[in-house]
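# Tertiary structure, described
Here is what each chain is made of, one letter per residue.
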Amino acid sequence: MPQSSLPDRSAYFVSTEWLADHLTSPDLVVVDGSWYLPTMQRDAKAEYAARHIPGAVHFDIDAIADTASPYPHMLPRPEVFSSHMRKLGIGDGQRLVIYDGAGLFAAPRVWWTFKVFGVKDVKILDGGLPKWLGEGRPTDDREVRRPPRHFSARMDHSLVRGIEDVRKALAEAAQVVDARPADRFRGEAPEPRAGVKSGHMPGATNVPFAALVTDGKLKSPDQLTKVFGDAGIDPAKPIITSCGSGVSAAILWLAFETLGASKLGLYDGSWAEWGAREDTPIVTGV
């Protein structure tokens, strides 16, 4: 796609300078969306309690989820999401800025979740907390309590894919893109969750999320175009993004959307579901 027709990056990101200038705006809510894999050996809740951007609330993707599901941090029902947002003080008509402690890892999942539930004005802090800290900007360790707000959750099911959608897409040779590291995709490294087999879906393509990010920031459109082109992915055709548990799949989604892709769906269960079931085909190797 010609560069002139690509979406403006400001449709997805705000700079640290912009956030610093608008931090006290009454209609702005800053959201710490940090979450880490067990292998990262980091505690998102503890890190938030010790240091967060002033006024930021913490979005816990493990708690704001379908806790009855056997799979991790699946999307909750709309009324459950609304209840959580009310408690966080996030309501209708507010502007949201999401960040995470890794730079760009879990923030896209939180950004995507808000999109699923109907929020239009939600963006990601470019460079995340590492860039904010690197510039010597202020942080706080005090508990943030915002007054409750009414939140109207309107779930857009068109953005979400279930296991039967993925089966159908694979049967039709559609583009299913897996964001897990290459060794996990090939089945050479164990999965971080007990009871989940190694390998990948037959017909899926691997684009590790780390190939899309440099220094905690999404790569440029030219760089992303090359990464996806080298993998044989066409952003103009339908795409389902997947990963280990639906978190880094949202990084793929974000990257594709910045390139103008619009036929996107995210497999919420991802490999945590596919790799745990007995009725799903699994292959190893390239």
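Refer to the structure printed above.
Below is a short write-up of the structure.

Criteria and cut-off values
Note that residues are indexed from 1 along each chain, following the sequence as it is written. Owing to the predicted nature of the model, reporting of local features is limited to residues with pLDDT of at least 70; listing and counting of side-chain atom pairs is limited to 80 or more, with chain, interface and lining totals taken over all residues. Note: side-chain values were computed over all heavy atoms of the structure, leaving out hydrogens and water. The numbering of helices and of strands both runs from the N terminus, where a helix is a DSSP run of H or I of at least 4 residues and a strand a run of E of at least 2. Contacts between residues were defined by any pair of non-hydrogen atoms, one from each residue, lying within 4.5 Å. With residues, only the protein chains shown are counted as cover, and all accessible areas are computed by Shrake-Rupley using a 1.4 Å probe. Each residue is assigned to one of three classes by its accessible area relative to the maximum for its type, calculated with a 1.4 Å probe on protein chains only: buried under 20%, partly exposed between the two thresholds, exposed over 50%. Here a salt bridge means any side-chain nitrogen of Lys or Arg lying within 4 Å of a carboxyl oxygen belonging to Asp or Glu. Should DSSP find at least two bridges between two strands, the strands are regarded as paired. Here the axes come from fitting lines to C-alpha atoms, over the contacting stretch only for helices, and the angles between their N-to-C directions go from 0 to 180 degrees. We call two N or O atoms a polar contact when they sit within 3.5 Å, provided that within protein one can donate a hydrogen and the other can accept it, with sequence-adjacent residues counted only if both atoms are side-chain atoms.

## A look at the overall build of the protein
Each helix and strand counted, the protein has 10 helices and 12 strands in total. Over its C-alpha atoms, taken along the principal directions, the protein stretches across nearly 50 × 45 × 35 Å. The contacts in the protein between residues at least 6 apart in sequence include a share of 79% that link residues at least 24 apart. In the structure as shown, the protein presents an accessible area of about 12700 Å², 52% of it carried by carbon and sulfur atoms.

## Description of the side chain of Asp-60
Within the secondary structure, Asp-60 sits in the loop between strand S3 (57-58) and helix H3 (78-88). Classification of Asp-60 as buried rests on a relative accessible area of 14%.

## Re the pattern of salt bridges
The final tally for this structure, using the stated rule, is 23 salt bridges. Its salt-bridge partner being Arg-77, residue Glu-79 comes within 2.7 Å of it at the nearest N-O pair. Two residues, Arg-137 and Glu-135, come together in a salt bridge whose shortest N-O distance is 2.7 Å.

## Section: the sheet that holds strand S2 (residues 28-32)
As summarised here, the arrangement of the five strands in space is S1-S5-S4-S2-S3, forming an open sheet in which the pairing is parallel. Here the strands that pair on one side only, and so sit at the sheet edges, are strand S1 (13-14) and S3. In the sheet, strand S4 (residues 95-99) pairs with strand S5 (residues 122-125) via three bridges, with the strands oriented parallel. Counterpart to Leu-96 in the pairing with S5 is Val-122. Relative to S5, helix H4 (residues 107-116) is tilted by about 175°, and along the sheet it contacts S2, S4 and S5.

## Describing the side chain of Ser-242
Tracing the chain through its elements places Ser-242 in strand S11 (residues 239-242). One polar contact links Ser-242 to Ser-270, side chain to side chain, over a distance of 3.4 Å.

## Focus on the pairing of strand S7 (residues 175-178)
Residue alternation in S7 divides its side chains into two sets, Gln-175 and Val-177 and Val-176 and Asp-178, and both sets are buried. Bridging between S7 and S11 involves four bridges; their strand directions are parallel. Bridging across to S11, Val-177 finds its partner in Thr-241. Relative to strand S8 (residues 205-206), S7 runs parallel, the two sharing two bridges. The residue of S8 that forms the bridge with Asp-178 is Asn-206.

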